[in-house]
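Structural overview for review
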Amino acid sequence: MNWGIIGTGNMGKVLLHSLTQSQAVEEKNLYLYNRTLMKAYELLNQYPNVHVERSLTSMANKCDVLLLCAKPKEILEIAKKLQPNIRKDQLIISITSSISTDHLDQILPCKTARMIPSITNQSLTGATLLSFGQRTNAIDQQMIKQTCKLFSEPVEVKDETVRAASDLVSCGPAFLSYVLEDMIQSVEKETLLKREDAEKFIETMVIGFGRLLEERHFSLQTLREKVMVKGGITGVGMKALEKEIHNSFNQVFINTHEKFATEQEMVEALIHEAKMNFSG
Ligand SMILES: NC(=O)c1ccc[n+]([C@@H]2O[C@H](COP(=O)([O-])OP(=O)(O)OC[C@H]3O[C@@H](n4cnc5c(N)ncnc54)[C@H](OP(=O)(O)O)[C@@H]3O)[C@@H](O)[C@H]2O)c1
């Protein structure tokens, strides 16, 4: 089975790495295409046995599964261009929350799915969020789940919670990095610890923290209770945190959902326009 990655930016590269590193797909069965072709050719230095194609038509001719790894508006442009060359038995996957399988089903004649990756997939961990289009059957769904299982924990999500799930799984690493960076800046400001040492301590702490959760030694709550001895030093630090941070993520999710709604409106308008053009 041949897989294609259309769009070799941040996420296209993460998926190229996770698919090959986990041996989910052999390099010789992987095809790449990017708007700026040079960027796709540069990847041959690292992945010498993948193929770089020069057009969307040849991607459609050569691949059984196509991952559309671009921004929402670009994904729609790609889907429209692929449409005349796509067969019913092919599978096209959107990697963005704003483009659902229903959206793709309206402009493509084939099977569709949505697979939202996370930067954590690069180290063959973290989740992938899956949704399947109406034309996929149990075998297609199993194939996608099994492939994702080799580099992540696949979880099926419904349209109504896809944005919230993506906020945690895909945006989460960026949000957490910001909070940790803030912790480093504050420790540097308020104590004698040097920034480079603070960075090292935070990195080792986060890796250990992840390991504790992975090995199921604690839940988030029991871990906090274990560290926070009654009347101890962690407790006084926590008091300040409860005052400053409690509820401060509410606005984060309000913002992401507002942007999501705007993107969906744009996607629906563009699909309407595309359908008019096809029928006209
Ligand atoms: N970043 C994350 O952690 C994350 C996680 C989950 C999902 N996502 C989703 O992933 C999507 C892509 O994000 P990204 O960060 O990878 O974006 P990106 O770095 O900008 O990559 C987009 C790629 O698509 C290429 N492209 C654009 N139009 C094209 C076309 N018509 N034909 C072929 N290639 C085309 C671009 O080519 P050029 O080189 O010419 O610009 C670029 O390489 C977004 O929709 C985002 O919502 C991101």
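About the cut-offs
Residues numbered from 1 in each chain as written. Predicted model: local features only at pLDDT ≥ 70, side-chain atom pairs only at ≥ 80, totals over all residues. Heavy atoms only, no water. UniProt positions renumbered as here; feature names shortened; annotations may be inferred. Helix = DSSP H or I, 4+ residues; strand = E, 2+ residues; numbered from the N terminus. Buried < 20%, exposed > 50% of the residue type's maximum accessible area, 1.4 Å probe, protein only. Pairing = 2+ DSSP bridges. Right-handed = clockwise from strand over helix to strand, strands pointing away.

Naming follows an unreviewed UniProt entry, where the protein appears as Late competence protein ComER of Allobacillus halotolerans. In its Sequence similarities (unreviewed entry) section, the UniProt record describing the protein reads: "Belongs to the pyrroline-5-carboxylate reductase family."

1. Re the UniProt feature "domain: Pyrroline-5-carboxylate reductase catalytic N-terminal" (unreviewed entry) in the protein
Per the UniProt record, "domain: Pyrroline-5-carboxylate reductase catalytic N-terminal" (unreviewed entry) is annotated on residues 4–96. Helix makes up 39% of residues 4–96 and strand makes up 18%, while its end C-alpha atoms are separated by 16 Å.

2. Examining unusual backbone geometry
The residue leucine 124 is not glycine, and still its phi comes out positive at about 55°. Tracing the sequence through the fold places leucine 124 in the loop between β6 (111–116) and β7 (127–132). The backbone phi angle of asparagine 247 is positive, close to 75°, even though this residue is not glycine. Locating asparagine 247 in the fold gives a position in the loop between α11 (233–245) and α12 (250–279).

3. Remarks on the pairing of strand β1 (residues 3–6)
Here β1 shows two buried faces, one formed by Trp3 and Ile5 and the other by Gly4 and Ile6. Inspection of the sheet shows β1 paired to strand β2 (residues 30–33) by four bridges, in the parallel sense. Counted as the bridge partner of tryptophan 3 is leucine 30 from β2. With helix α1 (residues 10–21) bridging β1 and the parallel β2, this β-α-β connection has right-handed handedness. The sheet contact formed by β1 and strand β4 (residues 65–68) spans four bridges and is parallel. Looking across to β4, one finds that isoleucine 5 is bridged to leucine 67.

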